[in-house]
Amino acid sequence: MNTEWQSFLQQQHAILDEQGAIKQLEFPELERMLIKHGPVMTSLAHHALIKVCGEEAEAFLQGQLSNDIKQVSEEHAQYSAYCDPKGNVLALFLIFMVDGAYYLSFDASLAESIQKRLQMFVMRSKVTLEAVSDRFIRIGFAGQFADLDVQRRLDTKLKKELAVTLSKEPGLEQTVIIKVPGPFHRYEIFAPVDQAIQTWNKLCLNGDITNANDWRLLNIATGRAEINAALSGKHLAQSYNFDKTDVINFKKGCYPGQEVIARTHYRGKAAKRMLRLHLDDVLELNPADSLELIDNNEKTYKLEVVLSNPDIFEGTLCLAIGTIKSLDLAEGDLKLTQTGGLAKIEPLPYLLIDEE
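The text that follows walks through the structure, step by step, so that each part is easy to find.

Calculation notes
Residues numbered from 1 in each chain as written. Predicted model: local features only at pLDDT ≥ 70, side-chain atom pairs only at ≥ 80, totals over all residues. Heavy atoms only, no water. Helix = DSSP H or I, 4+ residues; strand = E, 2+ residues; numbered from the N terminus. Rg over C-alpha atoms; globule rule 2.2 N^0.38 Å. Buried < 20%, exposed > 50% of the residue type's maximum accessible area, 1.4 Å probe, protein only. Areas by Shrake-Rupley, 256 points an atom, 1.4 Å probe, with all protein chains shown as cover. Pairing = 2+ DSSP bridges. Contact = heavy atoms within 4.5 Å. Axes fitted to C-alpha atoms, helices over the stretch in contact; angles between N-to-C directions. Core = buried A, V, L, I, M, F, W, Y, C linked by side-chain atoms within 4.5 Å. Polar contact = N/O pair within 3.5 Å; in protein donor to acceptor, adjacent residues only side chain to side chain. Phe/Tyr/Trp six-rings, centres within 6.5 Å; stacked < 30°, edge-to-face > 60°. Lys NZ or Arg CZ within 6 Å of the ring centre and 35° of its normal.

On to the overall build of the protein chain. When helices and strands are counted, the protein chain shows nine helices and 19 strands. In terms of overall size, the protein chain behaves like a compact globule, its C-alpha atoms giving a radius of gyration of 20 Å where 356 residues would be expected to give roughly 21 Å. By principal-axis analysis of the C-alpha atoms, the protein chain measures approximately 65 × 50 × 35 Å. The 356 residues of the protein chain split such that 54% are buried. Carbon together with sulfur atoms contributes 48% to the accessible area of the protein chain, which is approximately 16700 Å² in total.

The structure is reproduced here in structure tokens:
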């Protein structure tokens, strides 16, 4: 992490974890409540960021990723998956463009392996890959009235999800603002460290700082997976519902895993899907952990955790991958086998039912 940004966060009384994410601030109990009221922000500078540029950058990425890179522009970002030949997801990118260069933002635990793998396929193409997370700070900002704050403090207005713009506020002209999917109005902001500090201070005028862990609750509410090293290469793209959240384009042509992903889409239904659950118990669950449930007939159902965080009021919220057909036959309440606490499957903001 950029040392100047790290020092700035520590001056805000932030306690950072090993990756540089905000673990907690001065008043942990209070900040836990802020995420559902907002506006709130947190540092996401611990994520990886790769700059991809060169004459053949577009063609290179088009042949590697699940979405149509031609739809990325200076005004429009996208999510795209990087898969292996079996269709299993290696990483999930948020992709945007600045001055003709593409930027791929993703989980930092994959930074070295993903850049190395991408570099393998560059070969003789006129493409340059560069890790730039130290130079381009990432901030998350969200809240019911976050739109107004972005408009007033950063002198810009974004209406549609994944719309992108540069701030028009004097001194912040290199600050990239992306409206991302989520509850409330949610933004991810990328800026050089000096402009990131200015942006942070401006948004603090009507916002509060929260920790990076509770920020996960927004992704859980949105039903959007995060792929880290523990999950990389383990599940088919459809298992993360990427076909339901505009991460896959089925008309764009070939990329690693395209045949498997397309066959699952056109010839059959995905056997496994990512579900959102509320657990009565507060559990410390990590990505790739096993979650075992039991129904009234004492039949067990095994799921794999994708993302989890204690709920603000009680229990635990999580995204987990399970076998849909099996869970549809569950009788009565589902309970955790280890504690007996209730586990409720909650609706997602998109449909999982495949079109006939």
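Having seen the model, we can carry on.
The next point concerns the sheet that holds strand β3 (residues 40–43). The six strands lie next to each other as β10-β11-β12-β9-β3-β13, forming an open sheet whose pairing is mixed. Edge strands, defined here as strands with exactly one partner in the open sheet, are β10 (164–166) and β13 (208–209). Against the sheet, helix α5 (residues 146–154) contacts β9 (137–143), β11 (176–180) and β12 (185–191), and its axis sits at roughly 35 degrees relative to β12.

Here we come to the nonpolar core. Burial of nonpolar side chains together is a common tendency in soluble globular proteins. With 90 residues, the main nonpolar core has Val 52, Phe 93, Phe 96, Tyr 240 and Phe 242 as its most contacted residues. Ranked by residue count, the leading element in this core is strand β6 (residues 89–98), at 10 residues. Here Phe 96 is in contact with Leu 49, Val 72, Ala 77, Ala 101, Tyr 102, Tyr 103, Phe 136, Val 176, Ile 178 and Phe 190, once residues within four sequence places are set aside. Counting residues in hydrophobic clusters, the runner-up holds 28 residues, among them Ile 22, Leu 154, Ala 163 and Ile 177.

Quick look at helix α7 (residues 212–222) now. Counting buried positions along α7 gives eight out of 11 residues, so the element sits mostly inside the fold. Among the residues of α7, Ala 212, Asp 214, Trp 215, Leu 217, Leu 218, Asn 219, Ile 220 and Thr 222 are the ones counted as buried. The opening residue of α7 is Asn 211, an N-cap whose side-chain oxygen sits 3.0 Å from the backbone nitrogen of Asn 213. Just downstream of α7 lies Gly 223, where phi reads positive at about 70 degrees.

Here the focus is the packing of aromatic side chains. Scanning the entire structure with this criterion turns up 12 aromatic pairs. Ring geometry for Trp 5 and Trp 200: centres 5.5 Å apart, planes at 85 degrees, overall edge-to-face. One end of the pair, Trp 5, is in helix α1 (residues 3–11); the other, Trp 200, is in helix α6 (residues 193–203), with 195 residues separating them in the sequence. Residue class for Trp 5 comes out buried when judged on its relative accessible area of 0%. Each ring, one from Phe 250 and one from Tyr 266, has its centre 6.0 Å from the other, and the planes form 75 degrees; the classification is edge-to-face. Highlighted residues: Phe 250 in the loop between α7 and α8 (258–267) and Tyr 266 in helix α8, separated in sequence by 16 residues. Here a set of aromatic residues connected by ring pairs shows up, and it is made of Phe 96, Tyr 103, Phe 136 and Phe 190. The aromatic ring of Tyr 79 is capped on one face by Arg 224, whose charged end is 4.1 Å from the ring centroid.

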